[in-house]
Amino acid sequence: MTELTETRLSETLAHMRATAPLVQNITNFVAMNIQANVMLAAGASPAMVHSSAEAAEFAGIAQALSINIGTADPAWSGAMEAAATASVAGGKPWVLDPVAVGATGFRRTLGARLLALRPSVIRGNASEVLALAGQLRAGRGADAADSVAEAEAAATRLALQAGCTVAVTGPVDFVTDGHRAARIRNGHPMMPRVTALGCALTGLVAAFTVDQDPFRATLGALAYYGLAGEVAGRSAEGPGSFQVAFLDALHALGPNDLTAGARIEEIPA
Ligand SMILES: Nc1ncnc2c1ncn2[C@@H]1O[C@H](COP(=O)(O)OP(=O)(O)O)[C@@H](O)[C@H]1O
Ligand SMILES: Cc1ncsc1CCOP(=O)(O)O
Ligand SMILES: [Mg+2]
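Not measured: the values here are computed from a predicted model.

Trainee: Quick question: what am I supposed to make of the packing of helix α1 (residues 6-19) against helix α9 (residues 214-235) here?
Mentor: Helix packing for two helices is described by the angle between their axes and how far apart those axes are. Between α1 and α9, whose axes approach to 8 Å, the crossing angle comes to 85°. When the axes of α1 and α9 are compared, the pair comes out roughly perpendicular. In this structure, α1 contributes Leu9, Thr12 and Leu13 to the contact, and α9 contributes Arg216, Ala217, Leu219, Gly220, Ala223 and Tyr224.

Trainee: I keep staring at the environment of Ala53 and nothing clicks. Help me out?
Mentor: Within the secondary structure layout, Ala53 lies in the loop between β2 (45-48) and α3 (55-61). Sequence separation between Ala53 and Ala79 is 26 residues; the distance between their C-alpha atoms is 8.0 Å.

Trainee: Whenever I open this one, the sheet that holds strand β5 (residues 121-125) confuses me. Can you help?
Mentor: Pairing between sheet strands relies on hydrogen bonds along the backbone, with the strands arranged either parallel or antiparallel. Across the sheet, nine strands lie side by side as β2-β1-β3-β4-β5-β6-β7-β8-β9; this open sheet has mixed pairing. Of all strands in the sheet, those with a lone pairing partner are β2 and β9 (264-267), marking the two edges. In this sheet, adjacent strand axes meet at a mean angle of 20° when their direction is disregarded. In the sheet, strand β4 (residues 94-97) pairs with β5 via two bridges, with the strands oriented parallel.

Trainee: Explain unusual backbone geometry to me, please; I cannot follow it from the model alone.
Mentor: Backbone phi values are negative for most residues with the exception of glycine, while trans is the configuration of most peptide bonds. Of note in the backbone geometry, Ala20 takes a positive phi value of approximately 45° without being a glycine. Relative to the assigned elements, Ala20 resides in the loop between α1 and β1 (22-26). The phi dihedral of Asp211 falls on the positive side, at around 60°, and the residue is not glycine. Inspection of the secondary structure assignment puts Asp211 in the loop between α8 (197-208) and α9. On the neighbour-count criterion, Asp211 (14 C-beta atoms within 10 Å) is partly exposed.

Trainee: Explain α9 here, please?
Mentor: One turn of the α-helix equals 3.6 residues, which is why residues spaced by three or four share an orientation. Relative to the 32 Å expected for 22 residues at 1.5 Å per residue, α9 spans 32 Å between its end C-alpha atoms, a close match to the ideal helical length. Taken across its 22 residues, α9 has 17 buried, putting it largely inside the fold.

Trainee: Got a minute to help me understand the UniProt feature "binding site: substrate" (unreviewed entry) in the protein in this structure?
Mentor: Residues annotated by UniProt as "binding site: substrate" (unreviewed entry) correspond here to Met48 and Ala196. Here Met48 falls in the partly exposed class, since 15 other C-beta atoms lie within 10 Å of it. Once residues within four sequence positions are removed from consideration, Met48 is found in contact with Asn25, Thr27, Met32 and Ala36. Residue placement: Ala196 occurs in the loop between β8 (181-184) and α8. On the neighbour-count criterion, Ala196 (24 C-beta atoms within 10 Å) is buried. Sequence-distant contacts of Ala196, that is, excluding residues within four places in its chain, are made with Val30, Ala31, Ile34 and Gln35.

Trainee: Whenever I open this one, the site of ligand 1 confuses me. Can you help?
Mentor: Residues in close proximity to ligand 1 total 19 residues, the closest being Asn125, Thr169, Gly187, Met191 and Gly198. Going through the elements one at a time, α8 and α9 are the ones with two or more residues in the shell around ligand 1. Of all the elements, α9 adds the most residues to the shell around ligand 1, at four residues. Across the shell around ligand 1, the residue classes break down as nine nonpolar, eight polar and two charged.

Rules behind the numbers
- Residues numbered from 1 in each chain as written.
- Chains lettered and ligands numbered in written order.
- Predicted model: local features only at pLDDT ≥ 70, side-chain atom pairs only at ≥ 80, totals over all residues.
- Axes fitted to C-alpha atoms, helices over the stretch in contact; angles between N-to-C directions.
- Helix = DSSP H or I, 4+ residues; strand = E, 2+ residues; numbered from the N terminus.
- Parallel < 35°, antiparallel > 145°, perpendicular 65-115°, else oblique.
- Contact = placed C-beta atoms within 7 Å.
- Pairing = 2+ DSSP bridges.
- Buried ≥ 20, exposed ≤ 12 C-beta atoms within 10 Å, placed from the backbone.
- Expected span 1.5 Å × (residues − 1).
- UniProt positions renumbered as here; feature names shortened; annotations may be inferred.
- Near = placed C-beta within 6 Å.
- Nonpolar A, V, L, I, M, F, W, Y, C, P; charged D, E, K, R; others polar.

Here it is in structure tokens:
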């Protein structure tokens, strides 16, 4: 049995639930509420702590950190760098969500500075991963304008250069640490119709990385998230009811459901 079988990946959900990790999130104004609700429904313990007066100190308390540049400004960027630095110093994982990183000079500079602080995982859409890897893409604001397939080679290069796991999400997700790679075919087309579900996923990935191999943890988180989207999509009548059903599905699904429903394609090295 390889480490990427659905059964082994379901263990990552069981571990996250048993740990109920405290995760610090420096996220954007759009995502704050849904990200906290997603993490609570999944079984993690989120705390939205972004002030420069306390972000680094809190990173010493939290078990993992997620940083999202969606509505960052110069006051927040210092807190982001201080928190990431404290997290690394404490030997804890942190996850970067480079929202719309190719859109403006401020975002490009901040993205590069955060990348230099050694995230454990980068989770973004195809345009964001291409831009962070140096292949300038504007995207369409926070939305992707490139396909996941177009970003796979850049993701692999970025993973090797930055020494981290890179997850490119979209209709089919691609995850690599530069040495191992896999695609995840779970998900539902309604997911990008609800704002900040990508941001919320980044917080969830941070929760999964606590005491777990970042590559496997990321795969487990993405498969579980996509499966919850599939369950929600069966009853939803539109984006509004989808969001409610999605939170319920995250709460209801367990490791056995993940074993039965994850669709992982391991890509030979
Ligand atoms: N067309 C789609 N079909 C199925 N799942 C999707 C689709 N688009 C995105 N997803 C899922 O939505 C979640 C958020 O990904 P994405 O929309 O790429 O992030 P972002 O909001 O940061 O652009 C992921 O779990 C991804 O697999
Ligand atoms: C719409 C928007 N604008 C700035 S941040 C944000 C949320 C983006 O969320 P996601 O990347 O999950 O779609
Ligand atoms: Mg996003």
